[in-house]
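Here is what each chain is made of, one letter per residue.
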Protein chains: 2
Amino acid sequence: MKKILNVPQNAVPEMLAGMVKAHSGLITLLSGTQAVVRKDAPVKGKVAIISGGGSGHEPAHAGYVGRGMLDAALAGAVFAAPPLDDALAALKHCATEQGVLFIIKNYTGDRLLFDMLSEEAEDMGIPTRSVVVADDVAIAEREGTPGRRGVAGTVLIHKIAGARADLGGSLEEVYQVAQKAASWVRSMGVALSPCTLPGSTQPSFTLDEDQIEIGIGIHGEAGVRREKLQPARELTQKLLEKILVDLPYQAGDEVAVLVNGMGSTPLMELYIVFNEVETFLHSKGITIYKALVGEYMTSLDMAGFSITLLKLDAELKELLDHPCLTPCWVQS
Amino acid sequence: MKKILNVPQNAVPEMLAGMVKAHSGLITLLSGTQAVVRKDAPVKGKVAIISGGGSGHEPAHAGYVGRGMLDAALAGAVFAAPPLDDALAALKHCATEQGVLFIIKNYTGDRLLFDMLSEEAEDMGIPTRSVVVADDVAIAEREGTPGRRGVAGTVLIHKIAGARADLGGSLEEVYQVAQKAASWVRSMGVALSPCTLPGSTQPSFTLDEDQIEIGIGIHGEAGVRREKLQPARELTQKLLEKILVDLPYQAGDEVAVLVNGMGSTPLMELYIVFNEVETFLHSKGITIYKALVGEYMTSLDMAGFSITLLKLDAELKELLDHPCLTPCWVQS
């Protein structure tokens, strides 16, 4: 698998250097770390929000640092939890008297990191709360895991918590609405081809030319089952049925939909999927209040997509619509 | 090459249906056509701007329809010029008394279409001007072509012309600034792997596992030469040197840079390239005023990237910064 790199082991630091240079009005890198922070952090009087995790999911998470979303994004090596030292540096840099919310994707390494960070914060007298996102409905089918994985739905939690904090919400208010959104978000994905890590010559798994992998995660893990390549309509319905069963809807409910590209799937195909999502939800009486179509939480060069549904109420709609200014969020 | 489709020949109409559903507050499809227009068109008192071309370049062009950019985007079949009937419908729908600017990528089919459209407009008494974008510096090396190709730089012309029109510019003013920007924009691209058209089983060309193709276009055309895969730094410098020779710069000049993904290249790699672009331009005393990194003008599932430089003056800087509201332009 050809990649545009210099030295594979420098891919993450060079990428982060590129990001902060490209968006130097909005974000900066904390010296000696891989923590990307708002240029104007700490933002006095506002709850700070810190998220992050392994790299390879770009634009997550550094692309969502900025007014109305995150104050800091931690970046580990590819698919690896960030180091505690970076997390501590970000915490010290961004924390305000209003406190700090951590938004955590549900993986063992990330949870461990943020648990340690919470303890350190307590020692420093910084009030914190944590929200764990575990939106992947595929994973319930697998035993021996630490629970459902956090996937693309996480970016919607960034948006909602970030908006509430930007509007002056207290730590408890920001936590409560982020928790509500996390409990109302569901995702499921499919891969057409695996990803390959920088410096590796082997993909993370192999698929035949007519095979797809349903229920994949965002770290090159294999999914829950393999099927033959099938029409977009059939595939979309299959994912949506699994999502809808997991958090039942009533006719008249409103949702945000995210059709997320895994890294190498063209936008043309994502919009074809969205067209099917809309048709299917319409047939169930579910209204799409907001649609996001594009690459929001990728898995390096994996081909495929995930569908995320977030159930909405008046508060979540207001927060989704609240303006934000980050390197990669399309405000439309 | 696996694709997420229903029936290949319906890929474009289904994609367009998905786009207008996803962004129904901003854009709509003119009935019976593949022309995507601003929902509030015609916009009284404003010069209208129409662009477009073959599909397969998403988010170009429909993703750039909205306030501050295009009034209409025409979409042909994949890599094929749009039909005249659609262009006429868009013209009739969007034209105002202030007139219409056409922004045309330099391909025989697109030029022919817009020539016919201009004649029809004249018959209808609608004042029009046309700007042809031909930013690809690779093509000067090839004989027997209709001149340089219009590639990713075209989206910067959309932005600039759209902003001037949004600010109340006359047709002559919008035309003049778009023409200036078109004369100051240069691009060059490289492919790591070719694209495959929907319904086709064969890619548009073939490359060995250690080969890249320099000087590729956006329609699956082969480039100007093949080389071995090389570090991002070397490759970036090679493209930039060709661009800089073509439109010489002085130390102190300011530019906008677009590092554009061709469709299946991860954002991580695009930011690594941008990091090299910044280092190289900095060494030449050239300042980056604005950076865009992402997929702006793709070629289906081609892997690779292009670099675009646009020389800036005070007017172009103001217009690049002018707010816009479209489905896919990141306003940051």
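Small disclaimer: the values here were computed from a predicted structure and weren't measured. (Residues numbered from 1 in each chain as written. Chains lettered and ligands numbered in written order. Predicted model: local features only at pLDDT ≥ 70, side-chain atom pairs only at ≥ 80, totals over all residues. Heavy atoms only, no water.)

## Focus: the interface of chain A and chain B
So, step 1. Tallying the contact residues gives 62 residues for chain A and 62 residues for chain B.
So, step 2. Where chain A abuts chain B, roughly 5,000 Å² becomes buried across the two surfaces, and 63% of that area is made up of carbon and sulfur atoms.
So, step 3. On the chain A side of the interface with chain B, the three residues burying the most area are Lys2(A), Ile4(A) and Met268(A), jointly 19% of the side's total.
So, step 4. Counting across the interface, chain A meets chain B through two salt bridges.
So, step 5. Measuring nitrogen to oxygen at the nearest pair gives 2.9 Å for the salt bridge that ties Lys21(B) to Glu278(A).
So, step 6. Secondary structure elements with two or more residues in the side of chain A that touches chain B: α1 (11-22), α6 (232-246), α7 (267-283) and β11 (287-294) of chain A.
So, step 7. Looking at side-chain class alone, the side of chain A that touches chain B contains 34 nonpolar, 15 polar and 13 charged residues. (Contact = heavy atoms within 4.5 Å. Buried area = accessible area lost by both parts, 1.4 Å probe. Salt bridge = Lys/Arg side-chain N within 4 Å of Asp/Glu carboxyl O. Helix = DSSP H or I, 4+ residues; strand = E, 2+ residues; numbered from the N terminus. Nonpolar A, V, L, I, M, F, W, Y, C, P; charged D, E, K, R; others polar.)

## Some details on the relation of the copies chain A and chain B
So, step 1. Mapping chain A onto chain B calls for a rotation angle of 180° and an axial translation of 0.0 Å; the resulting RMSD is 0.0 Å. Taken together, the rotation and translation describe the operation of a two-fold axis. Looking at the rotation axis and the C-alpha trace of chain A, the residue lying nearest is Ser264(A), at 1.8 Å.
So, step 2. Mapped onto chain B, 100% of the interface residues of chain A again fall at the interface, so both copies present the same surface. (Least-squares fit on C-alpha atoms with pLDDT ≥ 70 in both.)

## Comments concerning helix α4 (residues 154-166) of chain B
Count 3.6 residues to each turn of an α-helix, and residues three or four apart come out pointing the same way.
So, step 1. The end-to-end C-alpha distance of α4(B), which contains 13 residues, comes to 18 Å, matching closely the 18 Å that a straight helix rising 1.5 Å per residue would cover.
So, step 2. Burial analysis of α4(B) places 13 of its 13 residues in the buried class, which makes it a mostly covered element. (Expected span 1.5 Å × (residues − 1). Buried < 20%, exposed > 50% of the residue type's maximum accessible area, 1.4 Å probe, protein only.)

## Digging into the pairing of strand β12 (residues 303-311) of chain A
All names here are of chain A.
So, step 1. Counting buried positions along β12 yields nine of nine residues, so the element is predominantly enclosed.
So, step 2. The side-chain alternation of β12 yields two buried faces, one formed by Ala303, Phe305, Ile307, Leu309 and Lys311 and the other by Gly304, Ser306, Thr308 and Leu310.
So, step 3. The pairing of strand β10 (residues 254-261) with β12 spans seven bridges and is classified as antiparallel. Bridge pairing in β12 places Val255 opposite Lys311. (Pairing = 2+ DSSP bridges.)

## Here's the deal with the packing of aromatic side chains
So, step 1. By the definition in use, this model includes six aromatic pairs over all chains.
So, step 2. Summarising the aromatic geometry, the rings of Tyr64(A) and Trp329(A) are spaced 5.9 Å apart at their centres and angled 80° between planes, so their arrangement reads as edge-to-face. Pair noted here: Tyr64(A) is in the loop between β3 (48-55) and β4 (72-78) and Trp329(A) is in the segment after α8 (314-321), with a separation of 265 residues, a long-range link.
So, step 3. With a relative accessible area of 0%, Tyr64(A) lands in the buried category.
So, step 4. Joined through ring pairs, the aromatic side chains of Tyr64(A), Tyr296(A) and Trp329(A) make up one cluster.
So, step 5. Positioned above the aromatic ring of Tyr249(B) is the side chain of Lys311(B), whose terminal nitrogen or guanidinium carbon lies 4.9 Å from the ring centre. (Phe/Tyr/Trp six-rings, centres within 6.5 Å; stacked < 30°, edge-to-face > 60°. Lys NZ or Arg CZ within 6 Å of the ring centre and 35° of its normal.)

## Focus on the pattern of salt bridges
So, step 1. Under the definition given, this model contains 42 salt bridges over all chains.
So, step 2. One salt bridge in this structure joins Lys180(B) and Glu315(B), with 2.6 Å as the shortest N-O distance. Taken together, the residues span a long stretch of sequence, with Lys180(B) in helix α5 (residues 171-183) and Glu315(B) in helix α8 (residues 314-321) at a distance of 135 residues.
So, step 3. Between Glu213(B) and Arg226(B) there is a salt bridge, and its shortest N-O distance comes to 2.5 Å. Taken together, the positions of Glu213(B) in strand β8 (residues 211-214) and Arg226(B) in strand β9 (residues 225-228) put the pair 13 residues apart, joining distant regions of the chain.
So, step 4. Given the relative accessible area of 2%, Glu213(B) is considered buried.
So, step 5. By relative accessible area, Arg226(B) is classed as partly exposed at 38%.
So, step 6. Via salt bridges that share partners, Arg164(A), Lys180(A), Asp313(A) and Glu315(A) belong to a single interconnected network.

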